[in-house]
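Report on the structure
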Amino acid sequence: RKFCPDIILVRGDSDKYLECTKRFLNIFKDYSPTVEVFSIDECFLEIEIKRSLHLRSWDDTIIASKLLLIASRIKERIHKEVGEWIRCSIGISYNKQIAKLAGSLQKPDGLVAILDQTAAEMILDQGELDDICGIGSRIKRRLNNMGVFGFEQLRQVSLGDLVAAFKNHG
């Protein structure tokens, strides 16, 4: 108030936040038995798409379109069942780390799919090291001290060197 006398402070309502989180989780559980809560407003869902028996070769575009359809339905349900003011960004990928990155690319109401390693590398190479969850300013500085300033350089570092520098996190 000293620095900004016109500020309007709003008290947090943890009961309301938890109620919204429960609503999200109930929606998510309709789509996956594997729901991992990451924070009060972030979850990971593991969605398995079963291959149709009549298809001889499984086309990745079919998987992608089914996942995008599921994600769109989840977004619609959140809008209807949690509140029309609620927005949700969804990232789809082959692992949690890249899915989280995908979800961060078009906030606050995005839907981004990064379906393979080639696409992930292309996106990572355009970003900063700390765009990935788990790489904060201290780890970024340590990587920079190793001569690593981007993901293309990071891919060139041996696993042994990373484990030596970062122990289990390597």
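Higher on the page you've got the structure.
**Brief notes about the pairing of strand S4 (residues 111–114)**
Of the two faces of S4, only the one carrying Val112 and Ile114 is buried; Leu111 and Ala113 on the other face are not. A crossover links strand S3 (residues 90–93) with its parallel partner S4, the connecting element being helix H3 (residues 96–104), and its sense is left-handed.

**Structural notes on the side chain of Lys75**
Considering the arrangement of structural elements, one finds Lys75 in helix H2 (residues 60–81). Since its relative accessible area comes to 17%, Lys75 is described here as buried. Those residues in contact with Lys75 that sit more than four places away from it in its chain are Cys88, Ser89, Ile90, Asp109, Gly110 and Leu111.

**Overview of the pattern of salt bridges**
With the rule as written, the count across this model stands at ten salt bridges. Taking the shortest distance from any N to any O, the salt bridge between Arg155 and Asp125 comes out at 2.9 Å. Residue Arg155 is found in the loop between helix H6 (151–154) and helix H7 (159–166), and its partner Asp125 is found in helix H4 (residues 117–126); the two are separated by 30 residues along the sequence. Between Asp130 and Lys140 there is a salt bridge, and its shortest N-O distance comes to 3.7 Å. Here Asp130, found in the loop between H4 and helix H5 (137–145), pairs with Lys140, found in helix H5; they are ten residues apart in sequence, far enough to count as distant. With relative accessibility at 36%, the residue Asp130 sits in the partly exposed group.

**As for unusual backbone geometry**
Looking along the chain, the bond that leaves Lys107 and enters Pro108 is cis, with omega of 10°. Turning to its location among the elements, Pro108 is positioned in the loop between H3 and S4. If you check the backbone angles, Lys167 has positive phi at about 55° while not being a glycine. Examined against the element boundaries, Lys167 turns out to sit in the segment after H7.

**A few points about the environment of Lys107**
Mapped onto the elements, Lys107 comes out in the loop between H3 and S4. Overall, the relative accessible area of 61% leaves Lys107 in the exposed class. In this structure the C-alpha to C-alpha distance between Lys107 and Arg87, which are 20 residues apart in sequence, comes to 8.8 Å.

**Description of the side chain of Ser32**
Relative to the helices and strands, Ser32 is located in the loop between helix H1 (14–29) and strand S1 (34–39). Residue classification places Ser32 among the buried residues on the basis of a relative accessible area of 2%. Looking at Ser32, its side chain comes within polar contact range of the main-chain nitrogen of Thr34, at 3.0 Å. The contacts of Ser32, once residues within four sequence positions are left out, are Leu45, Glu46 and Ile47.

Analysis parameters
- Residues numbered from 1 in each chain as written.
- Predicted model: local features only at pLDDT ≥ 70, side-chain atom pairs only at ≥ 80, totals over all residues.
- Heavy atoms only, no water.
- Buried < 20%, exposed > 50% of the residue type's maximum accessible area, 1.4 Å probe, protein only.
- Helix = DSSP H or I, 4+ residues; strand = E, 2+ residues; numbered from the N terminus.
- Right-handed = clockwise from strand over helix to strand, strands pointing away.
- Contact = heavy atoms within 4.5 Å.
- Salt bridge = Lys/Arg side-chain N within 4 Å of Asp/Glu carboxyl O.
- Polar contact = N/O pair within 3.5 Å; in protein donor to acceptor, adjacent residues only side chain to side chain.

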